[in-house]
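# Descriptive structure summary
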Amino acid sequence: MKSAVETLNPTRVRLSIEVPFEELKDSLDAAYKKINQQVTVKGFRKGKIPARVIDQRFGRGAVLEEAVNDALPKFYTDAVNEAELNVLGQPEVDITELKDGETLNFTAEVDIRPAIEIPDYSGIEVEVDAVEVTDEDVDKSVEQLQERFASTSPVERAAEDGDVVTIDLEAKVEGEVLEDGVASGVSYTIGSGELLDGIDEAVKGLEAGGEATFTSELKGGSAEGKEAEVTVKVTQVAARELPALDDEFAQLASEFDTLDELKADSRKRLENMKQYDQATQAQERVLEKLLELVEVPVPEKLLEDEVQTRKHNLEHHQLGQMGLDIEKYLEIQGKTVEEFDAETREQAVKGIKTQFVLDELVNKEKLNVNQEELTEHLMRRAASSNMSPDQFAQAVVEGGQVPMLVGEVARGKALAVVVEAATVKDTNGEVVDLEDDEEETEATEAAAETSGEDQEKTEA
């Protein structure tokens, strides 16, 4: 076999492959054997039909076609390995010449990973939000905890903002009561915005036994999106009572003995959250700067596949779980189809470029993934998937996704190397030290995972 490579563009090549006919012998033998098992000829036992009889009865062309189809993948793979190409996706194969007993010539066009030159990235500088937790932040956190321990007690007065009312509802569309438009004993906190638009104004000022009618667009059910006439009847008004913020509350709501200890713990938790957000912000901005420094050609077919994968995942997985279709989603987002397509394409381009650049960094920096790092990453992925580590590991192995997980960890390490080399300052002008920060490691792995996961599935 002889092969030659022609570069069509930075991300696509054409392989021209010449195969001497004698190298097709094994595939021809296999073709005759396969046809032997599929056909019957009077006077011959099944599987014992001579080759000349098969040629006469079914045509030499059928045998050649079977043999070529069997041989092409092997010769293509040999040519790829010989040229040391890093191919993406399936090739487009064209048989240019097939002479029985002489030669087989064919071409294969395929996308390849582009050659990428990683420049010096040590000069990258980014700015991130400062980690600042105010007394107001702490108070708000404690007040949210206080809300969770609120109690209610019935009152004999008109309903007000913040009250919890028990209500009966009846919805009519074009004068007809909907089968799924009747509900009784519904508990609703006035001002929460958890039910229909207009309900707060309707129930405020009503006492137990009072009712009102209002119009609202239905958010679900058989008449979703239609205007309905809704009758609401209040059967009970209850006032919410918050516990006093004191040491007794701290003991009720936490493991602490005093309110000061609870506030100190809340401050620490908020600081940790802001530090994680800061690390995430740092790696996102460093990654953006890195991508600006590197010229990355994107294979067009790979890009189109990635765009379709993202659209499919959104429509059939994410939106499906929320009970939405793409039209409703775009309406909520306030986007046109054209804007959505452009945004999806932009995200896909960034995802592909990110994976190419980080994979090149893995090779350049000679980064490896050890078993401990892979296990820790698997544990995090399992938790985010609401699966036990054993279940997730089994699913990964059965799906042949171990290399994908290894790639995620390696890309996370590559991004961490760049973040460590960059200068990161907060909005106060202070240099942020992210070294040996577990939260920063998790953030960089998450970024690399998000950028490359869907695209890697598309390549596969």
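Residues numbered from 1 in each chain as written. Predicted model: local features only at pLDDT ≥ 70, side-chain atom pairs only at ≥ 80, totals over all residues. Heavy atoms only, no water.

### Looking at the overall build of the protein chain
- When helices and strands are tallied, the protein chain shows 14 helices and eleven strands.
- In terms of overall size, the protein chain is more extended than a compact globule, its C-alpha atoms giving a radius of gyration of 33 Å where 460 residues would be expected to give roughly 23 Å.
- In the protein chain, buried positions account for 38% of the 460 residues.
- Sequence separation of 24 or more characterises 69% of the internal contacts of the protein chain that already satisfy a separation of 6 or more.
- Accessible surface, the protein chain as shown: approximately 26,400 Å² in total, 45% of it carbon and sulfur.
- Of the charged side chains in the protein chain, 48 are positive and 106 negative; the average position of the first set lies 11 Å away from that of the second. (Helix = DSSP H or I, 4+ residues; strand = E, 2+ residues; numbered from the N terminus. Rg over C-alpha atoms; globule rule 2.2 N^0.38 Å. Buried < 20%, exposed > 50% of the residue type's maximum accessible area, 1.4 Å probe, protein only. Contact = heavy atoms within 4.5 Å. Areas by Shrake-Rupley, 256 points an atom, 1.4 Å probe, with all protein chains shown as cover. Lys, Arg positive; Asp, Glu negative; His and termini not counted. Charge placed at Lys NZ, Arg CZ, Asp CG, Glu CD.)

### Examining the UniProt feature "domain: PPIase FKBP-type" (unreviewed entry) in the protein chain
- In the numbering used here, UniProt assigns the "domain: PPIase FKBP-type" (unreviewed entry) feature to residues 162–215.
- What you have in residues 162–215 is 9% helix and 54% strand, and the ends, taken at the C-alpha atoms, are 22 Å apart. (UniProt positions renumbered as here; feature names shortened; annotations may be inferred.)

### Digging into the nonpolar core
- In terms of nonpolar packing, the biggest core is built from 35 residues, with Ile 124, Leu 290 and Leu 361 touching the most fellow members.
- For this core, the leading source of residues is helix α10 (residues 337–364), giving seven residues.
- Beyond its immediate sequence surroundings of up to four residues, Leu 361 is in contact with Ile 118, Tyr 121, Leu 290, Lys 366, Ala 414 and Val 418.
- Of all hydrophobic cores here, the second largest spans 31 residues; its members include Val 63, Val 68, Leu 104 and Ala 108. (Core = buried A, V, L, I, M, F, W, Y, C linked by side-chain atoms within 4.5 Å.)

### A look at the environment of Leu 178
- As for its position among the elements, Leu 178 is in strand β8 (residues 176–189).
- Separated by 44 residues in sequence, Leu 178 and Ser 222 have C-alpha atoms that sit 8.0 Å apart.

### Structural notes on the pattern of salt bridges
- Within the structure shown, the criterion is met by 30 salt bridges.
- Of the charged contacts, one joins Lys 328 and Glu 331 as a salt bridge, the two residues approaching to 3.8 Å between their closest N and O atoms. Of this pair, Lys 328 and Glu 331 both sit in helix α9 (residues 326–333), three residues apart, which is roughly one turn of the helix.
- Look at Lys 328 and you get partly exposed, because its relative accessible area is 24%.
- Several salt bridges converge on common partners, so that one network encompasses Glu 6, Arg 12, Arg 14, Glu 92, Glu 109 and Asp 111. (Salt bridge = Lys/Arg side-chain N within 4 Å of Asp/Glu carboxyl O.)

### Comments concerning a nonpolar patch on the surface
- Taken together, the side chains of Val 93, Ile 95 and Leu 98 make up a nonpolar region of the molecular surface, amounting to roughly 220 Å² of accessible area.
- Note that Ile 95 resides in strand β3 (residues 87–99).
- For Ile 95, a relative accessible area of 38% translates into the label partly exposed. (Patch = residues over 30% accessible without salt bridge, like charges linked within 9 Å, V, L, I, M, F, W, Y side chains within 5 Å.)

### Points about the packing of helix α4 (residues 135–148) against helix α7 (residues 259–293)
- Between α4 and α7, the shortest axis-to-axis distance is 9 Å and the interhelical angle comes to 110°. One finds that α4 runs roughly perpendicular with respect to α7. Of α7, the residues touching α4 (which contributes Asp 135, Asp 137, Val 138, Asp 139, Ser 141, Val 142 and Leu 145) are Leu 259, Leu 262, Lys 263, Ser 266, Arg 267, Leu 270 and Lys 274.
- Across the contact of α4 with α7, the residue classes break down as six nonpolar, two polar and six charged. (Axes fitted to C-alpha atoms, helices over the stretch in contact; angles between N-to-C directions. Parallel < 35°, antiparallel > 145°, perpendicular 65-115°, else oblique. Nonpolar A, V, L, I, M, F, W, Y, C, P; charged D, E, K, R; others polar.)

### Looking at the pairing of strand β11 (residues 423–426)
- Along β11, the buried face is formed by Val 424 and Asp 426; none of Thr 423 and Lys 425, which line the opposite face, is buried.
- Where strand β5 (residues 125–128) lies against β11, four bridges are found, and the strand directions are parallel. Bridge pairing links Val 128 to Asp 426 in β11. (Pairing = 2+ DSSP bridges.)

### Some points on the packing of aromatic side chains
- One pass over the structure, following the stated rule, counts two aromatic pairs.
- On the numbers, 6.0 Å between centres and 90° between planes, the contact of Phe 149 with Phe 249 is edge-to-face. Highlighted residues: Phe 149 in the loop between α4 and β6 (151–154) and Phe 249 in helix α6 (residues 247–253), separated in sequence by 100 residues.
- By relative accessible area, which is 30% here, Phe 149 ends up partly exposed.
- Arranged with centres 6.4 Å apart and planes meeting at 80°, the rings of Tyr 329 and Phe 340 form a pair that is edge-to-face. (Phe/Tyr/Trp six-rings, centres within 6.5 Å; stacked < 30°, edge-to-face > 60°.)

### Things to note about helix α8 (residues 300–322)
- In this model, α8 (23 residues) spans 32 Å end to end at C-alpha, consistent with the 33 Å of a helix rising 1.5 Å per residue.
- Those residues of α8 that fall on the buried side of the exposure criterion are Leu 302, Leu 303, Glu 306, Val 307, Arg 310, Lys 311, Leu 314 and Leu 319.
- Gly 323 sits one or two residues past α8 and shows a positive phi near 70°. (Expected span 1.5 Å × (residues − 1).)

### Describing the side chain of Ser 266
- Along the chain, Ser 266 falls in helix α7.
- Residue classification places Ser 266 among the buried residues on the basis of a relative accessible area of 8%.

### Regarding the sheet that holds strand β2 (residues 12–20)
- Pairing is antiparallel across the open sheet formed by four strands, whose spatial order is β1-β2-β4-β3. Of all strands in the sheet, those bounded by a partner on one side alone are β1 (2–9) and β3. Each strand of the sheet is rotated relative to its neighbour by a mean of 20°, with strand direction disregarded.
- Sitting on the sheet, helix α3 (residues 60–83) is in contact with β1, β2, β3 and β4 (103–112), with an inclination near 125° to β3.

### Description of the side chain of Thr 107
- Within the secondary structure layout, Thr 107 lies in strand β4.
- We classify Thr 107 as buried; its relative accessible area is 16%.
- Excluding its chain neighbours within four sequence positions, the residues that come into contact with Thr 107 are Arg 14, Leu 15, Ser 16, Glu 92, Val 93, Asp 94 and Thr 96.

### Focus on unusual backbone geometry
- Even without being a glycine, Glu 84 presents a positive backbone phi close to 55°.
- Note on placement: Glu 84 falls in the loop between α3 and β3.
- Glu 84 gets classed as exposed once you look at its relative accessible area, which sits at 73%.
- One non-glycine residue, Asn 386, lies in the positive phi region at around 55°.
- Its location among the elements puts Asn 386 in the loop between α11 (371–384) and α12 (389–398).
- For Asn 386, a relative accessible area of 75% translates into the label exposed.

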